[in-house]
Every structure is written in structure tokens, then in C-alpha cells.
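Structural overview
Now for the letters of each chain:
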Amino acid sequence: MLYQSLTSLDITNSASTVVSAALLSGNRPSSSRSGNSAASGTVLSEQGSKKAAEDNDALRGPPPRDDWDIVLDRIKEYRASHEAPVDTVGCEALTEEEKDPKLRRFRSLISLMLSAQTKDEVTAEAVRTLSQRLPGGLTPKSLSDASLDTIHECVRRVGFWQRKSNYIKEAARTCLEQYDGDIPRTVPQLLALPGVGPKMAYLAMHAAWQDTQGIGVDTHVLRITHRLGWVSESARTAEATRHSLESWMPKSLWREINPLLVGLGQTVCRGVAPKCGECPVNRFCPSAQVR
């Protein structure tokens, strides 16, 4: 499975990120009509819902570059034949074999929470160790009941492991007590969990609930969209970048854009010493350095 898998993330988002008002201007105006009867109002409502669904697949505003779709197609073609860590040990890939839907969702969430500023391979090792060490495997109850010392031993190699140990233990307790062992179903509920920012919340909605509410912007998505000129230079944070992308990108692409760009960032468009000569879109990229 290549780029279709969702990803683990390696930066920490803050739910309190302030977004420029200019980046929020991509909302489409709405209009209303009054019908002559309740029946006509229902018809108009149904037509409006259908039109809104169609708009999800349409451009929401003018894209910053006219060739963005060509660039995206080239990246898709490249990723379909070039495997990256996100495809095999990313957060969604780690839970593919779990048959129980609740456990699959819970383990996706814990994987995401551990993945901030951590390589996919290290996150995968930590999740496997928790599954092996905790009685009954990695479940809300076993993680909630586990001592911090035990959790520390399992996740010691991930970034900020001490802080994350507290976060995942508390998240497990919340899932157990407030959601009957499941994970929160909405973005606001996910954001209420300790250590979960917008990036994790949107990707958890993708991976766990198959529900696209927003674009998950991690360090790879942030870096590559800026290098490609898909967002303005003023969109300096992950949240500002998300709002900028969502203002013009069709919603049908919001889910796949993360694993596509994460895989490209892991293999070619690296933060340090990018392999521009091997990049499938180097002739379109204003930041490419090809000798």
C-alpha cells in the first residue's frame, strides 16, 4: 500500500494558533430563497444540499498557481511507484490488521499522539511494544491502568516521550470513561484531549472515522506546499497553511494530500539537502535547485 495510507506526523500543532483573517476569506457566499410553500422549501433545501456536495469537489477559490493540478498529478504518479515509510509504518498502516473497529480507532489515535516529532519507524516500534507489554494488548483499559514507568519503558525512543506518556494515559482514561472505550467522534472533542492539536484531530478523523473535516498539515506538508508556491509566504504556521490550502483546494483532495506529500518529503523533498534532481516536479517548483 503506497501513498493511500494516512501518515504519522512529526511536528506538534497548537490548537491556539492564530490565523490571519486574510486566509479565512475563501468562504463561499450563501444565498437563500423563499418558496411559496413548505413543499417548495423542502425541494430547495434538497437542491441546496446537492449543490453543496458538488461544491466540495470544485475549486473553492482561485489557486495560487495555475499548474497546481499538473504538479499534483505528477506527484501522484511518482508516489504510486515509490514507497515511503508512511506507506508501511504510518499510523493508518499500523492498524490495518486490527479487526475490532473500536480498537482500530483507538490505536490510530495513540499512534498519532506518539508520532509528533518522531520518525514513523520509531512510532511503529513504540506502538508494537505497548501492544506486547500491556496486559490484553493496547486497549483503553490496559493503557489507562498501566503505570507511567511501564509506559515510559515502551515509548522512550519517541520525541517528548515523558510528556506523551501522560497524554496517552489520560486520553485512554477519557476514551474509557466518556466514550465507552471508543475515541471522540468530532474535531472539537478530539481537540479536548491532552496533546491533540488540529493536525492530529483532522488525521484522526480521516483514519479512524473516514470523515474528512480538514487537511492534516505536518512538517512535510508545510514545507512542500511553501516550496511549491501553493500558499503565501505569510502562512507561516501549520494552521495558517491549512486554512490557505482549504480556501482553494477541492475537498475531495483534502485526505490524500497529506500522505502524498509526506511520502514525497520522506524520500525526495527533504528538509535538509532535498534531492531536487530526483523530484518528479522539479521543473514546476520555484524552489528547485537542479544543477
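For the structure, see preceding data.
In short, a report on the structure. (Residues numbered from 1 in each chain as written. Predicted model: local features only at pLDDT ≥ 70, side-chain atom pairs only at ≥ 80, totals over all residues. Heavy atoms only, no water.)

**Some words on a negative patch on the surface**
A cluster of acidic residues, D66, D69, D73 and E77, forms a negative patch on the protein surface. Its relative accessible area of 35% is what places D69 among the partly exposed residues. (Patch = residues over 30% accessible without salt bridge, like charges linked within 9 Å, V, L, I, M, F, W, Y side chains within 5 Å. Areas by Shrake-Rupley, 256 points an atom, 1.4 Å probe, with all protein chains shown as cover. Salt bridge = Lys/Arg side-chain N within 4 Å of Asp/Glu carboxyl O. Lys, Arg positive; Asp, Glu negative; His and termini not counted. Charge placed at Lys NZ, Arg CZ, Asp CG, Glu CD. Buried < 20%, exposed > 50% of the residue type's maximum accessible area, 1.4 Å probe, protein only.)

**A few points about helix 5 (residues 101-115)**
Helix length check: helix 5, at 15 residues, gives a terminal C-alpha distance of 21 Å against a target of 21 Å (1.5 Å per residue), a fit within 8%. Extensive coverage of helix 5 is indicated by the burial of 12 of its 15 residues. When helix 5 is considered as a whole, its buried residues turn out to be L103, R105, F106, R107, S108, L109, I110, S111, L112, M113, L114 and S115. Backbone geometry just downstream of helix 5 places Q117 in the positive-phi region, at approximately 55°. (Helix = DSSP H or I, 4+ residues; strand = E, 2+ residues; numbered from the N terminus. Expected span 1.5 Å × (residues − 1).)

**Quick look at the side chain of R79**
For R79, the position within the fold is in helix 2 (residues 68-81). Taking relative accessible area as the criterion, R79 reaches 0% and is therefore assigned buried. Polar side-chain contacts of R79 include one of 3.2 Å to the backbone oxygen of L260. (Polar contact = N/O pair within 3.5 Å; in protein donor to acceptor, adjacent residues only side chain to side chain.)

**What to know about the packing of helix 5 against helix 9 (residues 161-178)**
Describing two packed helices takes the angle between their axes plus the distance from one axis to the other. Interaxial distance between helix 5 and helix 9 falls to 10 Å at its minimum, and their mutual angle equals 160°. On the basis of their axis angle, the class for helix 5 and helix 9 is roughly antiparallel. The way helix 5 lies across helix 9 gives a crossing that is right-handed. Residues F106, L109, I110, M113, L114 and S115 of helix 5 form the contact with helix 9, whose own contacting residues are K164, Y167, I168, A171, A172 and C175. Among the residues forming the contact of helix 5 with helix 9, the class breakdown is 10 nonpolar, 1 polar and 1 charged. (Axes fitted to C-alpha atoms, helices over the stretch in contact; angles between N-to-C directions. Parallel < 35°, antiparallel > 145°, perpendicular 65-115°, else oblique. Left-handed = near helix turned anticlockwise from the far one by under 90°. Contact = heavy atoms within 4.5 Å. Nonpolar A, V, L, I, M, F, W, Y, C, P; charged D, E, K, R; others polar.)

**A few points about the pattern of salt bridges**
Counted under the stated rule, the structure contains 15 salt bridges. As a salt-bridge pair, D182 and R105 come within 2.7 Å of each other at their nearest N and O atoms. Remark: R105 occurs in helix 5 and D182 occurs in the loop between helix 9 and helix 10 (187-191); sequence separation between them is 77 residues. Judged on exposure class, the residue D182 and its partner R105 are both buried.

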